[in-house]
Each structure stands twice: as C-alpha cells, then as structure tokens.
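Descriptive analysis of the structure
Here's the letter readout for the chains.
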Amino acid sequence: MIQVAILGFGVVGSGVAEVIRRNNGPISARAGAGIEVKYILDVRDFPDSPYADRFVKDFSVIEQDPEVEVVVETIGGCAVAYDYTKRALNAGKSVVTSNKELVAEHGFELLHLAREHTASYLFEASVGGGIPILHPLTQCLAANRLTEVQGILNGTTNYILTRMITDGISFEEALKEAQQRGYAEHDPTDDVEGIDACRKICILATIAFGRHVYPRQVPTEGITKITLADVSYADAAGMKVKLLGRAIRQPEDRVMAYVAPHFVPVSDPLASVEDVFNAITVRGNAIGDVMFYGRGAGMLPTASAVVSDVIEAARHVRTRRFLSWEEGGEDYVVGTQTLATQWFLRLKGAIRDLEGLGPVSILGRAGAPEDEVGVITEAMTRAELERRLAGRTALSAIRVLDESADLA
Ligand code: HSE
C-alpha cells in the first residue's frame, strides 16, 4: 500500500482526492500497489467532507510519518509550498505538484534535492492542465534536437478571449465565469497579465532546451489591453487574437522566450483552440511539428495529470524517476529585440497618415471611428517598428504569428 498526503484542499487538491477515490482500482493496478490518501493538510475545516477524519493542520505529522511515501503539493505559490516541498524531499518522500510558480522559480534546486534523497519531484500538471506534455517532451521526443515550443498556455485567458470574440460578453463578465469554473488563479492578475503563461513557458523551455529559464528573464504581456476593436480587426484579417507563450532556440545555445497576445491566422491550428483548452506545438529536427491539445485548467483535468504522477512516483518508491536539467544563467535567455514579425497596428489618424510605415494591408471594421485605422505591416523588429512610427503612438501593436517563418 502506498500512503499519500495531499497538501491543500482547494480546486486541484480536492480533485486529486476525488480521482483517487473514483478510479482507485485502475490507479492501484497501474501503480503496482494500492494507493490511499492518509492525510489532507489544510488550514480550513471540512467537517462535511467524506475525508473529514484525514485532515491535519500540522505539516510535521506528515513529515514524520514514515508510511507517507508520496506528498501531493497543491497549495500553490512559493511560500509554505516551497518550505513543505523541501521538508518532504529531505524526509525522502516523493513530491508531486501542479505548482508552476514553484517549479519555474525553484525547479532546479528542488530536483537536485530530490536526487540527493533518492526521491522523485514530478510536475506534469504544472503545464497544460490535463494535457500530457512534460513526459512526452522528456521521453517520446527525447531523440530530437528541439528548436521551438509555443502555445496557448493559460485556460482562463483563452476562455475570456473566446467568450469576448464569440459571444461579445465583456472582459469582466468572462473573467467572473472563468473564476466560477475553477480555472483562474487565486489572484486572477496572474492569468490576465500573462504571469501564469510566463511560468509555463519557462518550464517548457527549460525541459525542451536543458537549462533553467527563470520568469524574470521572460518579457511578458497579458490580455488586459486587448479591446473589442482589436478583436474585430483580427476577424477582418482572417485571424484570431490568442495569448501565446513562445520559446525559440537561438544561436550559441541560447533561448528566446516571451509571452504576448498575437494575431493568429485562422489556417493555423492554434486559432481554433477555444474555451479553456490549451495547445502546445513542439518543433523537433526529426519529428517536425507535433501538437498537444486538451483541457488546460479545471479540477478534474488537472487532477488527472497530478494522479498520473502519483502513480509514477509510486512505481519509483525508494528509487527515483530521472528528471534533471542544468542551471540557467543571466546571458542564457535573450530578449525579443531580434525577433522580426508582421505587426497589427491600430492607429489614430487617416490612411494618408500611414506614410513611413512601409507596405501595409489596410483593414476595416464596422463602427470604426473616422480617425482610426487598422493595418498589418511587413515583418520587422520592434525597434524598426518604433523607428517607422516616428513618434506616433499606436493604440494597439500586436505581433502576427507567422508559422512559415524559419524560426530555428
Ligand atoms: N489559471 C490557470 C489557467 C490554471 O487558467 O490556465 C491552470 O494552470
């Protein structure tokens, strides 16, 4: 019997308990041993929960119980979660988590600690919710030299954009729905400002390219400045607005990573990823492009990924599931200065004011004010765009995703 402790009984933690209960037969069969939840740690009381007898408030009960071999950390953040993870690993217990912030900030150190104590630190659920992506990257695609990873990495913002575009509801209303459905972070600023997607592209880039990429190294922009006018111009251009995280291998084994909204042509499979779904495209020199798609947030999809790691950890008790990468470094991650893309611009003025921007396609939208113009430019860097704007301020400046570009 493998005894498990769950830290944090929020959306994901309660989903983990539920999946372990509901699918106990096949889960135990696949783990090669019975899986049982012995403790649930939470500061709150849950007297009506079917697990009411298993709640504890003091982490040392779990830490000091030799029967607990796998700890599921679904607290989130880098405060107590960091402390408890270190203490669990130091006690030789494997830790499984959906905590992308902790992995993105301290993954290198925690994997090192796991190795020292012959334990596993597993975090499939930290990226893409229920989508299997990290295991495929480390195993099934291991034969490739990977050149790019990109995708829609945040379910909340994709849900909001879909509701705004398809149903014309306001940003605030759509966010409230995403919160009610259990998609949003505790502080939804992390979703809408791109911070959550930033943590996820860091983890993907780290695994794909082998060295730690830290969130502070990744330029990040969310969706709060996207207006219904931008969405309408995207429609006129045959595109959709999507928040993308991208990591692109650079010369001299460096990496460029960033998060920003993009205009995505409807011919690109990413454009049809809607609602809470996420999709991640990986480009390798043997496989070409491969895409992973599924529910990127929510209680049971995320619990599905967490519990699959519990099974993995249970199979490797007192050994260790190998996972490792190298430390990053200040000059390992380069900025987006050299990235040339087409741009969507929304400008105040008239068509005659476009002089100096170079060749552009002019877009129209219903209800546009007389003094507004929307265009798509040719491909250029941000610095070149600013030079051509020559002091004019664009109301919106959004990169266009060009899949045909040679990014490697
Ligand atoms: N808030 C996250 C999202 C949860 O919306 O994608 C899953 O990581």
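Residues numbered from 1 in each chain as written. Predicted model: local features only at pLDDT ≥ 70, side-chain atom pairs only at ≥ 80, totals over all residues. Heavy atoms only, no water.

Here the domain parsing of the protein yields domain 1 (2–130 + 299–315), domain 2 (134–295) and domain 3 (339–400). The gap between the C-alpha centroids of domain 2 and domain 3 is 24 Å. Contacts between domain 2 and domain 3 engage 17 residues on the former and 16 residues on the latter. When domain 2 packs against domain 3, close to 1300 Å² is buried across both sides, 68% of that on carbon and sulfur atoms. On the domain 2 side of the contact with domain 3, Asp230, Tyr233 and Phe263 bury the most area, a combined 45% of that side's loss. If you look at where domain 2 meets domain 3, you find one salt bridge. In this structure, Arg346 and Asp230 form a salt bridge, with 2.9 Å as the shortest nitrogen-oxygen distance. Joining domain 2 to domain 3, the criterion identifies four residue pairs in polar contact (both at pLDDT 80 or more). Mapped onto the side of domain 2 that touches domain 3, the elements with two or more residues apiece are α11 (228–236), β8 (239–250) and β9 (254–265). (Domains from an automatic or database assignment. Contact = heavy atoms within 4.5 Å. Buried area = accessible area lost by both parts, 1.4 Å probe. Salt bridge = Lys/Arg side-chain N within 4 Å of Asp/Glu carboxyl O. Polar contact = N/O pair within 3.5 Å; in protein donor to acceptor, adjacent residues only side chain to side chain. Helix = DSSP H or I, 4+ residues; strand = E, 2+ residues; numbered from the N terminus.)

In this section: the pattern of salt bridges. This structure, assessed with the given rule, holds 31 salt bridges. Put simply, Asp65 and Lys38 hold a salt bridge, and the shortest N to O gap is 2.8 Å. Of this pair, Asp65 sits in the loop between α3 (59–63) and β4 (68–73) while Lys38 sits in strand β2 (residues 35–41), placing them 27 residues apart in sequence. On the basis of relative accessible area, Asp65 is assigned to the buried category, the value being 9%. On the accessibility criterion, Lys38 (24% relative accessible area) is partly exposed. Glu330 is the salt-bridge partner of Arg216, the closest N and O atoms lying 3.0 Å from each other. On the criterion of sequence distance, the pair formed by Arg216 in the loop between α10 (195–209) and α11 and Glu330 in the loop between α12 (299–315) and β12 (333–334) is long-range, its members being 114 residues apart. The exposed category is assigned to Arg216, whose relative accessible area is 59%. Put simply, Lys100, Glu185, Asp196 and Lys200 are held in one network by salt bridges that share partners. (Buried < 20%, exposed > 50% of the residue type's maximum accessible area, 1.4 Å probe, protein only.)

Here we take up the environment of Ala366. If you trace the backbone, Ala366 turns up in the loop between β14 (360–363) and β15 (372–377). Ala366 gets classed as exposed once you look at its relative accessible area, which sits at 72%. Separated by 134 residues in the primary sequence, Ala366 and Ser232 place their C-alpha atoms 8.1 Å from one another.

Attention shifts here to α12. Helix length check: α12 (17 residues) gives 24 Å between terminal C-alpha atoms against 24 Å at 1.5 Å per residue, within 8%. Of all the residues in α12, the buried ones are Thr302, Ala303, Ala305, Val306, Val307, Asp309, Val310, Ile311, Glu312, Ala313 and Ala314. (Expected span 1.5 Å × (residues − 1).)

Let us look at empty space enclosed by the protein. This structure, assessed with the given rule, holds three cavities of 30 Å³ or more. In this structure, the largest cavity occupies an estimated 70 Å³ of space. What lines the largest cavity is Leu122, Phe123, Glu124, Leu134, His135, Thr138, Ile207, Asp309, Arg321 and Leu323. With three residues, helix α6 (residues 134–138) is the largest single contributor of residues to the lining of the largest cavity. Each residue belonging to the lining of the largest cavity can be placed in one class, and the counts come to five nonpolar, two polar and three charged. Each of domain 1 (2–130 + 299–315) and domain 2 (134–295) accounts for three or more of the residues forming the lining of the largest cavity. (1 Å grid on protein atoms, 1.4 Å probe; cavity = no way out; pocket = protein on both sides within 12 Å on 5 of 7 lines; lining within 4 Å. Points joined across faces, edges and corners; volume = space filled by probe spheres on them. Nonpolar A, V, L, I, M, F, W, Y, C, P; charged D, E, K, R; others polar.)

So, on to the pairing of strand β13 (residues 343–348). Of all the six residues making up β13, five are buried; the element is thus mostly covered by neighbouring parts of the structure. As defined by bridge partners, β13 adjoins strand β16 (residues 394–400) across five bridges and the pair is classed as antiparallel. Counterpart to Leu345 in the pairing with β16 is Ala397. Pairing of β13 with β15 involves five bridges; the strand directions are antiparallel. Paired with Leu347 across the two strands is Val373, which belongs to β15. (Pairing = 2+ DSSP bridges.)

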